[in-house]
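If you want the building blocks of each chain, they are given just below.
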Amino acid sequence: QARPLSTRERVEEASPCVQALDKEQIKLGSKYFTFDMVYDADSQQEIIYDECVRELVRGCLKGYNATVLAYGQTGSGKTYTMGSTSIDAMLEDEQGIIPRAIRQLFDDIKEQKVKQPDVQYKIHVSFLEIYNEEIKDLLDNQPHLHGKHKNISLREGPNGSIVVTGVTEEPVETCDEMFHCLERGTVCRSVGSTSMNSVSSRSHAIFTVTIEQSTDMQFSGSESEGGQEPHGPSSITSKFHFVDLAGSERAKRTQAAGERLKEGININYGLLVLGNVISALGDESRKGSHVPYRDSKLTRMLQDSIGGNSRTLMIACISPADSNFAESYNTLVYANRARNIKNKPVVNRD
Ligand SMILES: Nc1ncnc2c1ncn2[C@@H]1O[C@H](COP(=O)(O)OP(=O)(O)OP(=O)(O)O)[C@@H](O)[C@H]1O
């Protein structure tokens, strides 16, 4: 029986132009990159989920915010990996991160309810896309009524968290209800065809699950200290953002024109500002300098996730083809910088 490939071997297999140096370092061109995990085109969705995301969902139920964002060149597999595609016709093995996280969330809550029957759960989902620097509510039931005039705004909450007002916050109680929201929003997403990807996402999409857990009474103190002492009600609210970024693209290669070109320019603008935010936060020598979160809707939305209190996983999708070397190189530079950012995860106790 073949032994499983080591991380180093997986990197070498994934792209012939990438040279693995040791367990956590690779060389591309003349530059060195570090990473936590690497997967090639044969890696199963299940493995990626178990190794990278399962723990974040567990942490979210303990009160930590979490974010998974997929970054990469157009057509490199972000939407496929995130699972923000319609899953109706998909084999279960092929399903990506979001449907898996939904299932785990409800399974874990079921288990937790057995251990802590006093805890009450309230779950909401919202699904937004940032299209041409406008925020669109993908769960809006009456878009024809609201049109462009739906007033969605972003503001900073008391603890530095970003609060989005004016969006649909759909209450859900079951796994199926959450799947339904995912499907509903997915079909409303802006998708278009370019010569690099026939089903290219033309927007950044953010699927957010908010979990409130509350108890009327909490107990503290051990049996040996004379029994457990009840004290006041307590509640924890945590959020999980699943972010499927639109792909970086070069107009020359996508052959975009007209509306597609305008979308491409806006996509690249959002990603450029995200890159500037990542640089400002990830570079020790720029510590304390201005972080341009407000320069784009995308970075403002992700303020908690990048440099905030969230546990954040960035998935850098790269193409194994040598013809995509330049874009793969840029993606790794971007992700390498992001890896230097140190967030400060805290439990969000109200
Ligand atoms: N690991 C994979 N296994 C099988 N098919 C894949 C894999 N990754 C991507 N694909 C397929 O490649 C095509 C492009 O992938 P996808 O749409 O996910 O790219 P993307 O990075 O989201 O692109 P864009 O930024 O243009 O939206 C899709 O048809 C997708 O199903």
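About the criteria used
Residues numbered from 1 in each chain as written. Predicted model: local features only at pLDDT ≥ 70, side-chain atom pairs only at ≥ 80, totals over all residues. Heavy atoms only, no water. Helix = DSSP H or I, 4+ residues; strand = E, 2+ residues; numbered from the N terminus. Buried < 20%, exposed > 50% of the residue type's maximum accessible area, 1.4 Å probe, protein only. Areas by Shrake-Rupley, 256 points an atom, 1.4 Å probe, with all protein chains shown as cover. Core = buried A, V, L, I, M, F, W, Y, C linked by side-chain atoms within 4.5 Å. Contact = heavy atoms within 4.5 Å. Phe/Tyr/Trp six-rings, centres within 6.5 Å; stacked < 30°, edge-to-face > 60°. Lys NZ or Arg CZ within 6 Å of the ring centre and 35° of its normal. Axes fitted to C-alpha atoms, helices over the stretch in contact; angles between N-to-C directions. Parallel < 35°, antiparallel > 145°, perpendicular 65-115°, else oblique. Left-handed = near helix turned anticlockwise from the far one by under 90°.

*Asks:* Please provide a residue-by-residue account of the overall build of the protein, values included.
*Replies:* Within the protein one finds ten helices and 16 strands. Residues counted as buried form 49% of the 350 residues belonging to the protein. In the structure as shown, the protein presents an accessible area of about 18100 Å², 50% of it carried by carbon and sulfur atoms.

*Asks:* Explain the nonpolar core residue by residue, including any values.
*Replies:* The biggest cluster of nonpolar side chains holds 42 residues, and the ones touching the most others in it are Met178, Phe207, Val209 and Phe240. Listing elements by their share of this core, those giving two or more residues are helix 2 (45–61), strand 4 (66–72), helix 4 (97–115), strand 5 (120–131), helix 6 (175–188), strand 12 (204–215), strand 15 (234–244) and strand 16 (311–317). Counting residues per element, this core draws most heavily on helix 2, which supplies eight residues. Each residue touching Val209, except ones within four places of it in the same chain, is listed here: Leu105, Ile123, His124, Val125, Met178, Ser238, Lys239, Phe240 and Phe242. In this structure, Ile130, Ala280, Val291 and Tyr293 belong to the second largest nonpolar core, which totals 30 residues.

*Asks:* Can you explain the packing of aromatic side chains? Please cite residues and give values.
*Replies:* Applying the stated criterion across every chain yields a total of five aromatic pairs. When the centroid spacing of 5.1 Å and the interplanar angle of 80° are considered together, the rings of Phe127 and Phe207 count as edge-to-face. Taken together, the residues span a long stretch of sequence, with Phe127 in strand 5 and Phe207 in strand 12 at a distance of 80 residues. Per residue, the accessibility class of Phe127 equals that of Phe207, and both read buried. Here the aromatic cluster, defined as three or more aromatic residues joined through ring pairs, consists of Phe127, Phe207, Phe240 and Phe242. Between the NZ or CZ atom of Lys136 and the centre of the ring of Tyr131, over which it lies, the distance is 5.1 Å. Over the ring of Tyr64 we find Arg311, and its NZ or CZ is 4.2 Å from the ring centre.

*Asks:* Tell me about the packing of helix 4 against helix 6, and please be specific about residues and values.
*Replies:* Helices that pack against each other are described as a pair by the angle of their axes relative to one another and the distance between those axes. Taken N-terminus to C-terminus, the directions of helix 4 and helix 6 make an angle of 160°; their axes are 9 Å apart at the nearest point. Looking at the two axes, helix 4 sits roughly antiparallel to helix 6. Note on packing geometry: the crossing formed by helix 4 with helix 6 is right-handed. Packed against helix 4, whose contacting residues are Ile98, Pro99, Ile102, Arg103, Leu105 and Phe106, the element helix 6 presents Cys175, Met178, Phe179 and Leu182 at the interface.

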